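Below, each chain spelled out in residue letters.
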Amino acid sequence: DRGIACLAALSETHQILQKTCRDFANAELAPHARRHDREQLYPAEQVRRLGELGLMSVAVQEEYGGTGLDYQAYAIGMEEVARGDAAVSIVMGVNNLYLGAVQQHGTEAQKQEFLVPYTQGKHIAFYALSEPGSGSDASAASTTAKPNAGGDYLLNGTKAWISNSKEASGGIIFATIDKSLKHKGITAFLTEKNVPGLSIAKKESKLGMCASSTCQLTLDDVCVPQSQLLGSPGDGFKIAMGSLDCGRIGIAAQSTGIAQAALELAIDYAEKRVAFGQRLARLQMIQQKLADMALRVETARLLTWRAAWLKDNGLSITKEAAMAKLHASETATYCAHQCIQILGGMGYTTDLPAEMYYRNARVTEIYEGTSEIQRIVIANCVLQSISN
Ligand code: CAA
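Residues numbered from 1 in each chain as written. Predicted model: local features only at pLDDT ≥ 70, side-chain atom pairs only at ≥ 80, totals over all residues.

Chemist: Please explain the overall build of the protein chain as it appears in this structure.
Modeler: The secondary structure content of the protein chain amounts to 12 helices and 10 strands. Against the 2.2 N^0.38 benchmark of 21 Å for 388 residues, the protein chain shows a C-alpha radius of gyration of 21 Å, consistent with a compact globule. The proportion of buried residues among the 388 residues of the protein chain is 51%. Within the protein chain, residue pairs in contact and separated by at least 24 positions form 74% of the contacts whose partners lie at least 6 positions apart. (Helix = DSSP H or I, 4+ residues; strand = E, 2+ residues; numbered from the N terminus. Rg over C-alpha atoms; globule rule 2.2 N^0.38 Å. Buried ≥ 20, exposed ≤ 12 C-beta atoms within 10 Å, placed from the backbone. Contact = placed C-beta atoms within 7 Å.)

This is the structure we're talking about:
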């Protein structure tokens, strides 16, 4: 099992959730993951089931149709889903990222219109921050939002690498009301996707996470009523950064799930495969790899749960979420790499899922802030705490 010590630290609710999600992932996600990946098929039925299980809105209050649990539960659910199929977990992760922002910053009317419909898996959302010219440098966004005579906003520009956007019914778009204001000009807008001027320019062909869509969105005079402005004009950057802090707990959990899957596959293979007259698992060179993988998976999980615990207790998570995301995503890459190494030729073929874990792991070091950005965030926090 994956560590009695970890399980014992969980409440009964969290343990039940973990078991439910693990059984669901084993029975309904893992068996379809490679076909969906190969055929780049959106996992519609699996997302519907995530909705039924309450996983599309884990930390959203029940009065808005959410599951009413906490970020610890979210982290547990994400890990188990990602262990079964990481591409399904990114649909869940981006939806929860969006819902977190709307729950925290939305007015009551906005919550009814833009939160409630997205909680059950029937509708999913996107989160449009990045642009062709600004990924890491989020405050340099050049999609513009100009108020018209009626006080509504006209949005123009291009958003890039937007997860979920092909199937989404709506989402958040970050745009600037005045580029000279830099981050203080960024403003967040809620919108449905099926509105005049908003279109998908291109669906990306990707290395991994092939069952989830990633598209470029073009905005050509998209009219967003003032009532759909999330927060106030100029609040967008802080809304984005705050919700990404929480989102990074999700990506950390997702990465831990990929790493766990790679570890389990490596153990299973090492127990069965014979070389040099004994099972691989008896060879110290292989044991060292398994030990290093297990160590990293458990530290990734602990860092993720620590960040979730801090969030659930109303404490600052910027540094801790960045640490969890950084360590867990690098762990996913490391474990998938070592898994292929242990499996050798078998790991390199598509007969086993090791190569898919490797491809899926790679993006966890890129989206919701690259590893380099996480290091900048951590360094800033550490330096601030020393100067204070
Ligand atoms: N929470 C709240 N406020 C924050 C914050 C946080 N975590 N981090 C910074 N801020 C505030 C600062 O306090 C500052 O406020 P003041 O104006 O009051 O001083 C303001 O924001 C500007 O802060 P910085 O000067 O630190 O901003 P910066 O321009 O140097 O950027 C950065 C900092 C860390 C590099 C940031 O741009 C960043 O995180 N970039 C990565 C963007 C990212 O993660 N993109 C992911 C795209 S979304 C995605 O991937 C979803 C998907 O589809 C999978």
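Structure shown, so let's carry the discussion forward.
Chemist: When you look at the UniProt feature "domain: Acyl-CoA dehydrogenase/oxidase N-terminal" (unreviewed entry) in the protein chain in this model, what are you seeing that I'm missing?
Modeler: With numbering aligned to this structure, UniProt lists the feature "domain: Acyl-CoA dehydrogenase/oxidase N-terminal" (unreviewed entry) at residues 11-121. The span residues 11-121 shows a helical share of 70% and a strand share of 0%, and its end C-alpha atoms are spaced 26 Å apart. (UniProt positions renumbered as here; feature names shortened; annotations may be inferred.)

Chemist: Just checking my understanding: could you explain the pairing of strand 1 (residues 125-128) for this structure?
Modeler: The side chains of a regular strand alternate between both faces of the sheet. Alternating residues of strand 1 divide into Ala-125 and Tyr-127 and Phe-126 and Ala-128, and every residue in both groups is buried. The pairing of strand 1 with strand 4 (residues 170-176) spans four bridges and is parallel. Following the sheet pairing, Ala-128 is matched in strand 4 by Ile-173. (Pairing = 2+ DSSP bridges.)

Chemist: I keep staring at the packing of helix 7 (residues 236-272) against helix 11 (residues 354-362) and nothing clicks. Help me out?
Modeler: Any two packed helices are characterised by the angle at which their axes cross and by the distance between the axes. Orientation of helix 7 relative to helix 11, taken along the N-to-C sense of each, is 160°, at an axis distance of 10 Å. By the angle between their axes, helix 7 is roughly antiparallel relative to helix 11. The chirality of how helix 7 crosses helix 11 is left-handed. Taken together, the residues of helix 11 that come into contact with helix 7 (itself represented by Ile-258, Ala-261, Ala-262 and Leu-265) are Ala-354, Tyr-357, Asn-360 and Ala-361. (Axes fitted to C-alpha atoms, helices over the stretch in contact; angles between N-to-C directions. Parallel < 35°, antiparallel > 145°, perpendicular 65-115°, else oblique. Left-handed = near helix turned anticlockwise from the far one by under 90°.)

Chemist: Teacher, can you tell me more about the confidence of the model for the protein chain here?
Modeler: Predicted coordinates in regions of low pLDDT should not be interpreted in detail. Mean pLDDT for the protein chain: 96, with 98% of residues reaching 70 or above. Below a pLDDT of 50 lies the segment residues 1-5, which in the model reaches two contacts outside its immediate sequence neighbourhood of four places, other chains included. (pLDDT = per-residue confidence, 0-100.)

Chemist: Even after reading the chapter, I still don't get the packing of helix 5 (residues 86-105) against helix 7, so can you show me in this structure?
Modeler: The interhelical angle for the contact between helix 5 and helix 7, taken along N-to-C directions, is 155°, at an axis separation of 9 Å. Considered as vectors, helix 5 and helix 7 are oriented roughly antiparallel to each other. Along this stretch, helix 5 crosses helix 7, giving a crossing that reads as right-handed. In this structure, helix 5 contributes Ala-86, Ser-89, Ile-90, Gly-93, Asn-96, Leu-97, Gly-100, Ala-101 and His-105 to the contact, and helix 7 contributes Ile-239, Ser-243, Cys-246, Gly-247, Gly-250, Ile-251, Gln-254, Gly-257 and Ile-258. When its residues are assigned to classes, the contact of helix 5 with helix 7 shows eight nonpolar, 10 polar and no charged. (Nonpolar A, V, L, I, M, F, W, Y, C, P; charged D, E, K, R; others polar.)

Chemist: When you look at the UniProt feature "domain: Acyl-CoA dehydrogenase/oxidase C-terminal" (unreviewed entry) in the protein chain in this model, what are you seeing that I'm missing?
Modeler: Within this numbering scheme, the UniProt entry marks residues 234-380 as carrying the feature "domain: Acyl-CoA dehydrogenase/oxidase C-terminal" (unreviewed entry). End C-alpha atoms of residues 234-380 are separated by 23 Å, and the span's content is 78% helix alongside 3% strand.

Chemist: Help me understand the site of the ligand, please; the structure alone is not making it clear to me.
Modeler: As a matter of local geometry, the ligand sits amid 23 residues, with Ser-139, Ser-163, Met-241, Tyr-367 and Gly-369 nearest to it. Looking at the shell around the ligand, the elements with two or more residues in it are strand 3 (153-163), helix 7 and helix 12 (371-387). With six residues, helix 7 is the largest single contributor of residues to the shell around the ligand. Looking at the shell around the ligand residue by residue, the classes come out as 12 nonpolar, eight polar and three charged. (Near = placed C-beta within 6 Å.)

Chemist: What should I look at first to understand the environment of Ile-249 in this one?
Modeler: Take Ile-249: it is sitting in helix 7. Take Ile-249: there are 33 C-beta atoms within 10 Å of it, and that puts it in the buried class. Setting aside residues no more than four positions away along its own chain, Ile-249 makes contact with Tyr-71, Tyr-74, Ala-75, Thr-304, Ala-307, Ala-308, Lys-311, Ala-321 and Ala-324.

Chemist: Sorry, what's going on with the nonpolar core here?
Modeler: As a rule of thumb, soluble globular proteins bury nonpolar side chains together. Residues Ile-172, Phe-189, Ile-249, Ala-262, Ala-336 and Cys-339 are the most contacted members of the largest nonpolar core, which totals 120 residues. Among the elements that line this core, the one with the most residues is helix 7, at 18 residues. Not counting chain neighbours up to four residues away, the residues in contact with Ala-262 comprise Cys-335, Ala-336, Cys-339, Ala-354 and Tyr-357. (Core = buried A, V, L, I, M, F, W, Y, C linked by C-beta atoms within 7 Å.)

Chemist: Explanation requested: the environment of Ala-281 in the structure shown.
Modeler: Turning to its location among the elements, Ala-281 is positioned in the loop between strand 10 (278-279) and helix 8 (284-312). Separated by 70 residues in sequence, Ala-281 and Ala-211 place their C-alpha atoms 33 Å apart. What Ala-281 contacts, discounting residues up to four positions off in sequence, is Ala-270, Glu-271 and Ile-286.

Chemist: Honestly, unusual backbone geometry in this entry has me stumped. Any pointers?
Modeler: Glycine aside, a negative phi is what most residues show, and trans is what most peptide bonds show. You will see that Trp-161, though not glycine, has its phi angle at about 55°, which is positive. As for its position among the elements, Trp-161 is in strand 3. Phi angles above zero are rare outside glycine, and Lys-182 is one such case at about 55°. Mapped onto the fold, Lys-182 is located in the loop between strand 4 and strand 5 (186-192). Given 13 C-beta atoms within 10 Å, Lys-182 falls into the partly exposed group.

Chemist: So what exactly am I meant to see when it comes to helix 8 here?
Modeler: An α-helix turns once every 3.6 residues. As a result, residues three or four positions apart point the same way. In this model, helix 8 (29 residues) spans 41 Å end to end at C-alpha, consistent with the 42 Å of a helix rising 1.5 Å per residue. Backbone geometry just downstream of helix 8 places Gly-314 in the positive-phi region, at approximately 70°. (Expected span 1.5 Å × (residues − 1).)

Chemist: Quick question: what am I supposed to make of helix 5 here?
Modeler: In this model, helix 5 (20 residues) spans 29 Å end to end at C-alpha, consistent with the 28 Å of a helix rising 1.5 Å per residue. Counting buried positions along helix 5 gives 19 out of 20 residues, so the element sits mostly inside the fold.

Chemist: What is the right way to read the pairing of strand 7 (residues 214-224) from this model?
Modeler: Where strand 3 and strand 7 come together, eight bridges link them in antiparallel fashion. Considered in strand 7, the bridge of Lys-159 is made with Leu-217.

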